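Letter by letter, the chains look like this.
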Amino acid sequence: MPVLVLSCSVTPAGDSGGEDVDPRARRGRRYPLVRAAACVVAAGARSYAAIGHWLRRAPQDALARLGFPVRGVLGVRPAASMDTVRRVVERVHPEGLAGLLRPANAEQTRPVRLAADGKSARGSRTRTRTAAHLLAVIDQDDQVIAQLRIPDKTNEIPCLREIRAPLDIEGAWVSADALHTQTDTARFLIEDKKAHYLLTVKLNQPTLCDSCRRLPWGKARTKCYDRTKGHGRKETRVVQVLTVAHLHFPHARQVARVTRHRTDKATGKCTRETVYVITDLASHQAKPSDIALGVRSHWHIENKIHYLRDVLWDEDRSQIHTGHGPENMATLRNTALNRLRTTGATNMTEAVRDLSYEPFTAPLDLYAINA
(Lines give C-alpha, C1' and ligand atoms only; values in the text may rest on other atoms or scores of the structure.)
Protein backbone atom coordinates (compact mmCIF):
# COMPACT_ATOMS: atom_id res chain seq x y z
CA MET A 1 0.00 0.00 0.00
CA PRO A 2 1.38 3.45 -0.85
CA VAL A 3 2.20 5.72 2.07
CA LEU A 4 0.95 9.26 2.49
CA VAL A 5 3.36 11.24 4.65
CA LEU A 6 1.93 14.54 5.77
CA SER A 7 3.74 17.49 7.30
CA CYS A 8 1.72 19.54 9.75
CA SER A 9 2.48 23.23 9.30
CA VAL A 10 3.31 24.92 12.61
CA THR A 11 3.84 28.34 14.09
CA PRO A 12 6.13 28.36 17.16
CA ALA A 13 4.74 29.68 20.41
CA GLY A 14 5.27 33.41 20.77
CA ASP A 15 4.92 34.17 17.05
CA SER A 16 1.87 36.03 15.87
CA GLY A 17 0.41 33.33 13.73
CA GLY A 18 -3.25 33.97 14.31
CA GLU A 19 -5.48 31.55 16.19
CA ASP A 20 -3.68 28.33 15.13
CA VAL A 21 -0.58 28.60 17.32
CA ASP A 22 1.39 25.35 17.62
CA PRO A 23 4.11 25.03 20.29
CA ARG A 24 6.13 22.48 18.31
CA ALA A 25 9.32 23.20 16.36
CA ARG A 26 9.18 24.67 12.85
CA ARG A 27 10.26 21.43 11.22
CA GLY A 28 6.83 20.07 12.11
CA ARG A 29 5.96 16.43 12.45
CA ARG A 30 5.71 13.80 9.74
CA TYR A 31 3.37 10.85 10.20
CA PRO A 32 2.24 8.00 7.87
CA LEU A 33 -1.30 8.57 9.04
CA VAL A 34 -3.23 7.23 6.05
CA ARG A 35 -1.94 3.68 6.32
CA ALA A 36 -2.30 3.82 10.11
CA ALA A 37 -5.91 5.02 9.90
CA ALA A 38 -6.71 2.37 7.27
CA CYS A 39 -5.43 -0.37 9.58
CA VAL A 40 -7.31 0.91 12.63
CA VAL A 41 -10.59 1.27 10.71
CA ALA A 42 -10.19 -2.27 9.35
CA ALA A 43 -10.02 -3.47 12.96
CA GLY A 44 -13.39 -1.82 13.68
CA ALA A 45 -12.53 1.75 14.75
CA ARG A 46 -15.50 4.08 14.25
CA SER A 47 -14.16 7.50 15.26
CA TYR A 48 -11.13 9.75 15.44
CA ALA A 49 -10.95 9.02 19.16
CA ALA A 50 -10.72 5.28 18.49
CA ILE A 51 -7.93 5.80 15.95
CA GLY A 52 -6.07 8.06 18.37
CA HIS A 53 -6.47 5.55 21.20
CA TRP A 54 -5.09 2.74 19.01
CA LEU A 55 -2.06 4.86 18.13
CA ARG A 56 -1.50 5.76 21.77
CA ARG A 57 -1.52 2.09 22.80
CA ALA A 58 0.35 0.74 19.77
CA PRO A 59 3.67 -1.00 20.56
CA GLN A 60 6.90 0.26 19.01
CA ASP A 61 7.17 -2.63 16.54
CA ALA A 62 3.71 -1.80 15.12
CA LEU A 63 4.67 1.87 14.77
CA ALA A 64 7.91 0.81 13.08
CA ARG A 65 6.00 -1.31 10.55
CA LEU A 66 3.71 1.62 9.83
CA GLY A 67 6.69 3.89 9.20
CA PHE A 68 6.55 6.27 12.15
CA PRO A 69 9.97 7.95 12.45
CA VAL A 70 12.31 7.70 15.42
CA ARG A 71 12.49 10.81 17.60
CA GLY A 72 15.18 11.68 20.13
CA VAL A 73 18.27 9.91 21.36
CA LEU A 74 16.27 7.11 23.00
CA GLY A 75 15.08 5.79 19.64
CA VAL A 76 11.39 6.09 20.50
CA ARG A 77 8.75 6.34 17.80
CA PRO A 78 6.04 8.70 19.06
CA ALA A 79 2.57 8.27 17.57
CA ALA A 80 0.27 11.02 16.36
CA SER A 81 -2.42 12.33 18.67
CA MET A 82 -6.15 12.09 18.13
CA ASP A 83 -6.29 15.80 17.27
CA THR A 84 -3.64 15.32 14.57
CA VAL A 85 -5.60 12.39 13.14
CA ARG A 86 -8.75 14.48 13.06
CA ARG A 87 -7.05 17.43 11.34
CA VAL A 88 -5.45 15.21 8.71
CA VAL A 89 -8.59 13.22 7.86
CA GLU A 90 -10.64 16.40 7.65
CA ARG A 91 -8.16 18.14 5.33
CA VAL A 92 -6.88 15.42 3.01
CA HIS A 93 -8.50 15.78 -0.41
CA PRO A 94 -10.84 12.80 -1.00
CA GLU A 95 -9.51 12.09 -4.49
CA GLY A 96 -5.94 12.00 -3.21
CA LEU A 97 -6.88 9.66 -0.38
CA ALA A 98 -8.80 7.33 -2.70
CA GLY A 99 -5.84 7.25 -5.08
CA LEU A 100 -3.39 6.32 -2.34
CA LEU A 101 -5.59 3.53 -1.04
CA ARG A 102 -6.46 2.10 -4.48
CA PRO A 103 -4.77 -1.25 -5.18
CA ALA A 104 -1.81 -1.10 -7.57
CA ASN A 105 -3.59 -3.33 -10.14
CA ALA A 106 -6.96 -1.56 -9.90
CA GLU A 107 -6.71 -0.09 -13.41
CA GLN A 108 -5.19 -3.09 -15.15
CA THR A 109 -8.49 -4.83 -15.83
CA ARG A 110 -11.57 -3.27 -17.38
CA PRO A 111 -14.78 -3.79 -15.35
CA VAL A 112 -17.52 -6.04 -16.71
CA ARG A 113 -20.43 -4.70 -14.64
CA LEU A 114 -20.76 -1.48 -12.69
CA ALA A 115 -23.45 -0.30 -10.29
CA ALA A 116 -23.91 3.16 -8.81
CA ASP A 117 -25.95 4.22 -5.80
CA GLY A 118 -25.93 6.98 -3.20
CA LYS A 119 -26.04 6.95 0.59
CA SER A 120 -26.41 9.72 3.14
CA ALA A 121 -24.25 9.79 6.27
CA ARG A 122 -27.15 10.81 8.49
CA GLY A 123 -25.07 11.65 11.55
CA SER A 124 -23.13 14.31 9.62
CA ARG A 125 -26.15 16.60 9.47
CA THR A 126 -25.74 19.89 11.35
CA ARG A 127 -27.93 22.93 11.98
CA THR A 128 -26.45 24.71 8.99
CA ARG A 129 -25.57 21.85 6.65
CA THR A 130 -27.36 18.84 5.23
CA ALA A 131 -26.02 15.34 5.72
CA ALA A 132 -23.12 14.34 3.50
CA HIS A 133 -24.46 12.33 0.55
CA LEU A 134 -21.97 9.95 -1.04
CA LEU A 135 -22.29 8.40 -4.50
CA ALA A 136 -20.33 5.17 -4.92
CA VAL A 137 -19.58 2.88 -7.88
CA ILE A 138 -18.80 -0.83 -7.49
CA ASP A 139 -17.67 -3.43 -9.99
CA GLN A 140 -18.70 -7.05 -10.54
CA ASP A 141 -16.49 -8.18 -7.63
CA ASP A 142 -18.24 -5.79 -5.20
CA GLN A 143 -15.12 -3.62 -5.08
CA VAL A 144 -15.73 0.10 -4.60
CA ILE A 145 -13.79 1.74 -7.42
CA ALA A 146 -14.98 5.35 -7.08
CA GLN A 147 -16.78 7.59 -4.62
CA LEU A 148 -17.92 11.20 -4.81
CA ARG A 149 -19.55 13.50 -2.30
CA ILE A 150 -22.61 15.21 -3.80
CA PRO A 151 -22.40 19.01 -3.40
CA ASP A 152 -25.10 20.41 -1.13
CA LYS A 153 -26.86 22.38 -3.87
CA THR A 154 -27.10 19.64 -6.47
CA ASN A 155 -28.05 15.96 -6.73
CA GLU A 156 -26.77 12.62 -8.00
CA ILE A 157 -27.82 13.06 -11.64
CA PRO A 158 -24.96 15.28 -12.91
CA CYS A 159 -22.52 13.72 -10.45
CA LEU A 160 -23.04 10.26 -11.93
CA ARG A 161 -21.51 11.47 -15.19
CA GLU A 162 -18.73 13.24 -13.30
CA ILE A 163 -17.73 10.19 -11.26
CA ARG A 164 -17.61 7.95 -14.34
CA ALA A 165 -15.87 10.39 -16.65
CA PRO A 166 -12.29 9.30 -15.72
CA LEU A 167 -13.10 5.57 -15.64
CA ASP A 168 -12.33 3.22 -18.52
CA ILE A 169 -15.67 1.43 -18.75
CA GLU A 170 -15.86 0.58 -22.45
CA GLY A 171 -18.09 -2.45 -22.94
CA ALA A 172 -19.19 -2.57 -19.28
CA TRP A 173 -22.80 -3.00 -18.22
CA VAL A 174 -23.70 0.02 -16.11
CA SER A 175 -26.75 -0.16 -13.84
CA ALA A 176 -28.42 2.64 -11.91
CA ASP A 177 -31.69 3.24 -10.14
CA ALA A 178 -34.68 5.18 -11.45
CA LEU A 179 -33.26 8.59 -10.50
CA HIS A 180 -30.60 8.21 -13.20
CA THR A 181 -32.92 7.16 -16.01
CA GLN A 182 -32.16 10.33 -17.92
CA THR A 183 -31.59 10.83 -21.65
CA ASP A 184 -28.32 12.71 -21.06
CA THR A 185 -27.00 9.89 -18.87
CA ALA A 186 -27.90 7.28 -21.50
CA ARG A 187 -26.18 9.24 -24.28
CA PHE A 188 -23.12 9.81 -22.11
CA LEU A 189 -22.73 6.10 -21.41
CA ILE A 190 -23.31 4.95 -24.99
CA GLU A 191 -21.77 7.72 -27.05
CA ASP A 192 -19.00 9.03 -24.82
CA LYS A 193 -17.96 6.02 -22.73
CA LYS A 194 -18.87 3.23 -25.21
CA ALA A 195 -20.55 1.33 -22.37
CA HIS A 196 -24.02 -0.24 -21.99
CA TYR A 197 -26.80 0.72 -19.62
CA LEU A 198 -29.43 -1.05 -17.54
CA LEU A 199 -31.69 1.68 -16.17
CA THR A 200 -34.72 1.24 -13.95
CA VAL A 201 -37.99 2.91 -14.94
CA LYS A 202 -40.45 3.92 -12.24
CA LEU A 203 -43.18 6.52 -11.81
CA ASN A 204 -40.68 9.39 -11.60
CA GLN A 205 -40.69 9.05 -15.41
CA PRO A 206 -44.48 8.72 -15.92
CA THR A 207 -44.53 8.88 -19.74
CA LEU A 208 -41.70 6.38 -20.17
CA CYS A 209 -43.15 4.12 -17.47
CA ASP A 210 -46.54 4.16 -19.17
CA SER A 211 -44.92 3.28 -22.52
CA CYS A 212 -43.22 0.31 -20.91
CA ARG A 213 -46.44 -0.80 -19.22
CA ARG A 214 -48.36 -0.74 -22.52
CA LEU A 215 -45.97 -3.07 -24.32
CA PRO A 216 -47.48 -6.44 -25.38
CA TRP A 217 -46.21 -8.45 -22.44
CA GLY A 218 -48.52 -11.30 -23.30
CA LYS A 219 -46.23 -12.05 -26.26
CA ALA A 220 -43.12 -12.37 -24.09
CA ARG A 221 -42.35 -16.08 -24.44
CA THR A 222 -39.31 -16.37 -22.22
CA LYS A 223 -39.17 -15.88 -18.49
CA CYS A 224 -36.41 -16.03 -15.95
CA TYR A 225 -36.96 -16.83 -12.28
CA ASP A 226 -34.40 -15.49 -9.84
CA ARG A 227 -34.66 -16.39 -6.14
CA THR A 228 -32.65 -14.95 -3.24
CA LYS A 229 -32.76 -14.97 0.57
CA GLY A 230 -31.40 -12.43 3.00
CA HIS A 231 -32.18 -9.73 5.58
CA GLY A 232 -35.10 -11.74 6.93
CA ARG A 233 -36.98 -12.14 3.67
CA LYS A 234 -37.29 -14.35 0.62
CA GLU A 235 -37.54 -12.75 -2.79
CA THR A 236 -38.48 -14.16 -6.18
CA ARG A 237 -38.01 -12.06 -9.31
CA VAL A 238 -39.79 -12.95 -12.54
CA VAL A 239 -38.08 -11.32 -15.52
CA GLN A 240 -39.75 -11.00 -18.94
CA VAL A 241 -38.06 -9.26 -21.85
CA LEU A 242 -39.33 -7.67 -25.08
CA THR A 243 -37.41 -6.16 -27.99
CA VAL A 244 -38.44 -2.57 -28.76
CA ALA A 245 -37.80 -0.39 -31.78
CA HIS A 246 -39.55 2.92 -31.15
CA LEU A 247 -39.32 3.55 -27.43
CA HIS A 248 -38.70 7.25 -26.82
CA PHE A 249 -35.39 6.80 -25.03
CA PRO A 250 -31.88 7.00 -26.54
CA HIS A 251 -30.52 3.71 -27.91
CA ALA A 252 -33.15 1.58 -26.12
CA ARG A 253 -33.37 -1.91 -27.66
CA GLN A 254 -34.94 -4.08 -24.95
CA VAL A 255 -37.32 -3.60 -22.04
CA ALA A 256 -37.56 -6.02 -19.14
CA ARG A 257 -40.48 -6.32 -16.77
CA VAL A 258 -39.26 -7.37 -13.34
CA THR A 259 -41.94 -8.56 -10.90
CA ARG A 260 -40.67 -8.95 -7.35
CA HIS A 261 -42.49 -11.20 -4.87
CA ARG A 262 -41.20 -10.69 -1.32
CA THR A 263 -42.09 -12.71 1.78
CA ASP A 264 -41.13 -11.53 5.25
CA LYS A 265 -39.94 -14.61 7.15
CA ALA A 266 -40.96 -13.22 10.54
CA THR A 267 -44.50 -12.08 9.72
CA GLY A 268 -45.26 -14.09 6.58
CA LYS A 269 -46.42 -10.90 4.85
CA CYS A 270 -46.16 -11.02 1.06
CA THR A 271 -45.68 -8.00 -1.17
CA ARG A 272 -45.47 -7.58 -4.93
CA GLU A 273 -43.76 -4.87 -6.97
CA THR A 274 -43.30 -4.41 -10.70
CA VAL A 275 -40.55 -2.30 -12.21
CA TYR A 276 -39.19 -1.95 -15.72
CA VAL A 277 -35.59 -2.00 -16.89
CA ILE A 278 -34.47 -0.61 -20.23
CA THR A 279 -31.19 -1.43 -21.93
CA ASP A 280 -29.36 -0.69 -25.16
CA LEU A 281 -28.28 -4.34 -25.36
CA ALA A 282 -29.90 -6.45 -28.08
CA SER A 283 -31.48 -9.85 -27.42
CA HIS A 284 -28.37 -11.74 -28.57
CA GLN A 285 -26.24 -9.67 -26.15
CA ALA A 286 -28.46 -9.88 -23.09
CA LYS A 287 -30.87 -12.72 -22.36
CA PRO A 288 -33.46 -12.54 -19.57
CA SER A 289 -31.08 -14.41 -17.24
CA ASP A 290 -28.34 -11.85 -18.01
CA ILE A 291 -30.64 -8.95 -17.21
CA ALA A 292 -31.74 -10.70 -14.00
CA LEU A 293 -28.07 -10.99 -13.03
CA GLY A 294 -27.54 -7.30 -13.77
CA VAL A 295 -30.55 -6.31 -11.66
CA ARG A 296 -29.39 -8.48 -8.77
CA SER A 297 -25.83 -7.22 -9.02
CA HIS A 298 -27.04 -3.64 -8.79
CA TRP A 299 -28.43 -4.20 -5.33
CA HIS A 300 -25.09 -5.53 -4.10
CA ILE A 301 -24.01 -1.94 -3.55
CA GLU A 302 -26.79 -1.57 -0.98
CA ASN A 303 -26.41 -4.97 0.66
CA LYS A 304 -22.66 -5.47 0.52
CA ILE A 305 -21.38 -1.91 0.88
CA HIS A 306 -23.83 0.53 2.45
CA TYR A 307 -25.49 -2.00 4.76
CA LEU A 308 -22.13 -3.33 5.94
CA ARG A 309 -20.77 0.15 6.65
CA ASP A 310 -23.78 0.72 8.91
CA VAL A 311 -23.51 -2.66 10.65
CA LEU A 312 -19.74 -2.75 11.15
CA TRP A 313 -18.96 0.94 11.70
CA ASP A 314 -22.37 2.39 12.70
CA GLU A 315 -21.96 4.94 9.93
CA ASP A 316 -25.43 6.44 10.16
CA ARG A 317 -24.83 7.51 13.75
CA SER A 318 -21.28 8.79 13.22
CA GLN A 319 -21.01 12.44 14.30
CA ILE A 320 -18.08 13.17 11.97
CA HIS A 321 -19.25 16.12 9.88
CA THR A 322 -16.52 18.74 9.39
CA GLY A 323 -14.27 19.15 6.37
CA HIS A 324 -13.76 16.06 4.25
CA GLY A 325 -14.21 13.82 7.28
CA PRO A 326 -17.43 12.01 6.23
CA GLU A 327 -16.24 10.98 2.78
CA ASN A 328 -12.68 10.17 3.88
CA MET A 329 -13.88 7.91 6.69
CA ALA A 330 -16.24 6.22 4.21
CA THR A 331 -13.26 5.71 1.89
CA LEU A 332 -11.31 4.03 4.69
CA ARG A 333 -14.27 1.71 5.36
CA ASN A 334 -14.62 0.92 1.66
CA THR A 335 -10.91 0.16 1.50
CA ALA A 336 -11.21 -2.31 4.36
CA LEU A 337 -14.11 -4.09 2.65
CA ASN A 338 -12.25 -4.16 -0.66
CA ARG A 339 -9.15 -5.62 0.92
CA LEU A 340 -11.04 -8.25 2.90
CA ARG A 341 -12.85 -9.41 -0.25
CA THR A 342 -9.54 -9.56 -2.10
CA THR A 343 -8.22 -11.93 0.56
CA GLY A 344 -11.27 -14.19 0.15
CA ALA A 345 -13.36 -13.15 3.16
CA THR A 346 -17.09 -13.77 2.76
CA ASN A 347 -18.44 -12.95 6.23
CA MET A 348 -17.36 -9.35 6.78
CA THR A 349 -18.60 -9.14 10.37
CA GLU A 350 -16.54 -12.16 11.32
CA ALA A 351 -13.52 -10.91 9.36
CA VAL A 352 -13.47 -7.49 11.07
CA ARG A 353 -13.97 -9.16 14.45
CA ASP A 354 -10.97 -11.42 13.78
CA LEU A 355 -8.85 -8.36 13.01
CA SER A 356 -9.93 -6.72 16.27
CA TYR A 357 -8.61 -9.67 18.31
CA GLU A 358 -5.05 -8.85 17.19
CA PRO A 359 -5.35 -5.11 16.48
CA PHE A 360 -1.61 -4.35 16.29
CA THR A 361 -0.63 -7.12 13.90
CA ALA A 362 -3.59 -8.53 11.94
CA PRO A 363 -4.65 -5.27 10.18
CA LEU A 364 -1.03 -4.64 9.17
CA ASP A 365 -0.81 -8.16 7.78
CA LEU A 366 -4.07 -7.56 5.90
CA TYR A 367 -2.50 -4.64 4.04
CA ALA A 368 0.90 -6.38 3.74
CA ILE A 369 2.66 -3.61 5.64
CA ASN A 370 6.12 -4.79 6.60
CA ALA A 371 8.09 -1.60 6.97
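Here the structure is a predicted model, which is why all the values come from computation and not from measurement. (Residues numbered from 1 in each chain as written. Predicted model: local features only at pLDDT ≥ 70, side-chain atom pairs only at ≥ 80, totals over all residues. Heavy atoms only, no water.)

In this structure, strand β8 (residues 223-230) lies alongside strand β9 (residues 233-243), joined through eight bridges in antiparallel fashion. Paired with Gly230 across the two strands is Arg233, which belongs to β9. Bridge count between β9 and strand β10 (residues 254-264): 11 bridges; the pairing is antiparallel. Each bridged residue has a counterpart across the sheet, and for Val238 the counterpart in β10 is Thr259. (Pairing = 2+ DSSP bridges. Helix = DSSP H or I, 4+ residues; strand = E, 2+ residues; numbered from the N terminus.)

What follows is about helix α10 (residues 300-313). Here α10 is 14 residues long and its end C-alpha atoms lie 18 Å apart, about the 20 Å a rise of 1.5 Å per residue gives. Within α10, the axis deviates most sharply at Tyr307, by approximately 30°. Within the sequence span of α10, burial applies to His300, Ile301, Ile305, His306, Leu308, Arg309, Leu312 and Trp313. In the segment just after α10, Asp314 is the residue with positive phi, at about 50°. (Expected span 1.5 Å × (residues − 1). Bend = angle between axes of the 7 residues up to and from the residue. Buried < 20%, exposed > 50% of the residue type's maximum accessible area, 1.4 Å probe, protein only.)

By volume, the second largest pocket amounts to about 450 Å³. Along the wall of the second largest pocket there are 17 residues; nearest its centre are His231, Arg233, Glu235, Trp299 and Asn303. Listed by contribution, the elements that provide at least two residues to the lining of the second largest pocket are β8, β9, β10 and α10. With five residues, the top contributor of residues to the lining of the second largest pocket is α10. Residue classes in the lining of the second largest pocket are distributed as two nonpolar, five polar and 10 charged. (1 Å grid on protein atoms, 1.4 Å probe; cavity = no way out; pocket = protein on both sides within 12 Å on 5 of 7 lines; lining within 4 Å. Points joined across faces, edges and corners; volume = space filled by probe spheres on them. Nonpolar A, V, L, I, M, F, W, Y, C, P; charged D, E, K, R; others polar.)

Right, let's talk about the pattern of salt bridges for a bit. The tally for this structure, following the rule as stated, stands at 24 salt bridges. The shortest N-O distance in the salt bridge between Asp226 and Arg237 comes to 2.9 Å. With Asp226 in strand β8 and Arg237 in strand β9, the pair connects residues that are 11 residues apart, well separated along the chain. With a relative accessible area of 9%, Asp226 lands in the buried category. (Salt bridge = Lys/Arg side-chain N within 4 Å of Asp/Glu carboxyl O.)

The next point concerns the nonpolar core. The biggest cluster of nonpolar side chains holds 48 residues, and the ones touching the most others in it are Ile51, Leu55, Leu66, Met329 and Tyr367. Here this core takes nine residues from helix α1 (residues 33-42), the largest share from any one element. (Core = buried A, V, L, I, M, F, W, Y, C linked by side-chain atoms within 4.5 Å.)

Residue class for Arg237 comes out buried when judged on its relative accessible area of 6%. Spatially, the C-alpha atoms of Arg237 and Arg272 are 9.7 Å apart, while their sequence positions differ by 35 residues. Sequence-distant contacts of Arg237, defined by excluding residues within four places in its chain, comprise Cys224, Tyr225, Asp226, Thr228, Val258, Thr259, Arg260 and Arg296. A distance of 2.5 Å separates a polar atom in the side chain of Arg237 from a polar atom in the side chain of Glu235. (Contact = heavy atoms within 4.5 Å. Polar contact = N/O pair within 3.5 Å; in protein donor to acceptor, adjacent residues only side chain to side chain.)

What follows covers the sheet that holds strand β7 (residues 196-201). Strand pairs in the sheet, formed through backbone hydrogen bonds, run parallel or antiparallel to each other. The sheet built from nine strands is open, its strands ordered β5-β4-β3-β6-β7-β11-β10-β9-β8 with mixed pairing. The open sheet has two edge strands with one neighbour each: β5 (144-149) and β8. Pairwise comparison of adjacent strand axes, ignoring direction, gives a mean angle of 25° for this sheet. Strands β3 (113-121), β4 (132-139) and β5 of the sheet are contacted by α10, whose axis makes an angle of about 35° with β3. (Axes fitted to C-alpha atoms, helices over the stretch in contact; angles between N-to-C directions.)

This next bit is on the confidence of the model for the protein chain. The predicted model of the protein chain averages 87 in pLDDT, with 89% of residues at 70 or higher. In the predicted structure, residues 1-28 sits below a pLDDT of 50 and forms 49 contacts with residues beyond four places in sequence or in another chain. (pLDDT = per-residue confidence, 0-100.)

Another aspect to go through is the packing of α1 against helix α2 (residues 48-57). Across the interface, α1 lies against α2 with an axial gap of 10 Å and an inter-helix angle of 105°. The pairing of α1 with α2 is recorded here as roughly perpendicular in orientation. Across from Leu33, Ala36, Ala37, Val40 and Val41 in α1, the residues of α2 making contact are Ala50, Ile51, Trp54 and Leu55. A class-by-class count of the residues in the contact of α1 with α2 yields nine nonpolar, no polar and no charged. (Parallel < 35°, antiparallel > 145°, perpendicular 65-115°, else oblique.)

Assignment of secondary structure puts Asp139 in strand β4. On the basis of relative accessibility, which here comes to 15%, the residue Asp139 falls in the buried class. Separated by 27 residues in sequence, Asp139 and Val112 have C-alpha atoms that sit 7.2 Å apart. For Asp139, the residues in contact, after removing those within four places along its chain, are Pro111, Arg113, Leu114 and Ile145. Only 3.0 Å separates the side chain of Asp139 from the backbone nitrogen of Gln143, close enough to count as a polar contact.

Moving on to the packing of helix α6 (residues 156-164) against helix α7 (residues 183-192). Interaxial distance between α6 and α7 falls to 10 Å at its minimum, and their mutual angle equals 10°. By the angle between their axes, α6 is roughly parallel relative to α7. Across the interface between the two elements, Leu160, Arg161 and Arg164 from α6 touch Asp184, Thr185, Phe188 and Leu189 from α7. Counted by class, the contact of α6 with α7 contains three nonpolar, one polar and three charged residues.

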